Amino acid sequence: MPSLRTPEVVAKYLAHRESRKGSDSCELCEKLATKEFTYWKVVENDFPYGQIAKTHHMLVPLRHTTEDGLTDSELAEQKLIKRGFVNEGYDWIIEATHKNRSIPSHFHLHLIVQKESA
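Calculation rules
Residues numbered from 1 in each chain as written. Predicted model: local features only at pLDDT ≥ 70, side-chain atom pairs only at ≥ 80, totals over all residues. Heavy atoms only, no water. Disulfide = S-S within 2.5 Å. Buried < 20%, exposed > 50% of the residue type's maximum accessible area, 1.4 Å probe, protein only. Core = buried A, V, L, I, M, F, W, Y, C linked by side-chain atoms within 4.5 Å. Helix = DSSP H or I, 4+ residues; strand = E, 2+ residues; numbered from the N terminus. Contact = heavy atoms within 4.5 Å.

Caption draft 1: Spatial organisation of the state of the cysteines. The full count for this structure, using the stated rule, is zero disulfides. The thiol sulfur of Cys26 is not disulfide-bonded, and the nearest other cysteine sulfur, from Cys29, lies at 3.7 Å. Classification of Cys29 by relative accessible area gives partly exposed; the value is 34%.

Pasting the structure below:
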């Protein structure tokens, strides 16, 4: 299957996933924020989409929750973040489909600054 990650990052990502098998801790809950809001934080992606991204962050709710579990307050703040902070600094917001989410128990969006075109 094609990937937005480079082959090196795919290998690193697969090894990491294998090493975490059986772990019940959430990687997104543990990640330190580069920017924090009331209900959300922005974190670095350790396995970036290097095929397309110069910068790859993720927007993550502070609370461990699925997309369906987001509260009205969390959704309202997400909308404000996307309109302001995200639109000012990123080219793309990427959301995986339910079948392709790598961490389905903790909702997150990918924030991308695209690489310059050749």
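Caption draft 2: Main features of the nonpolar core. The biggest cluster of nonpolar side chains holds eleven residues, and these are Trp40, Val42, Leu59, Leu70, Ile81, Val86, Tyr90, Phe107, Leu109, Leu111 and Val113. Top contributing element to this core by residue count: strand β5 (residues 109–114), with three residues. Those residues in contact with Leu70, other than ones at most four positions away along the chain, are Trp40, Pro61, Arg63, Thr65, Leu75 and Phe107. Cys26, Val43, Met58 and Val60 belong to the second-largest nonpolar core, a separate cluster that totals six residues.

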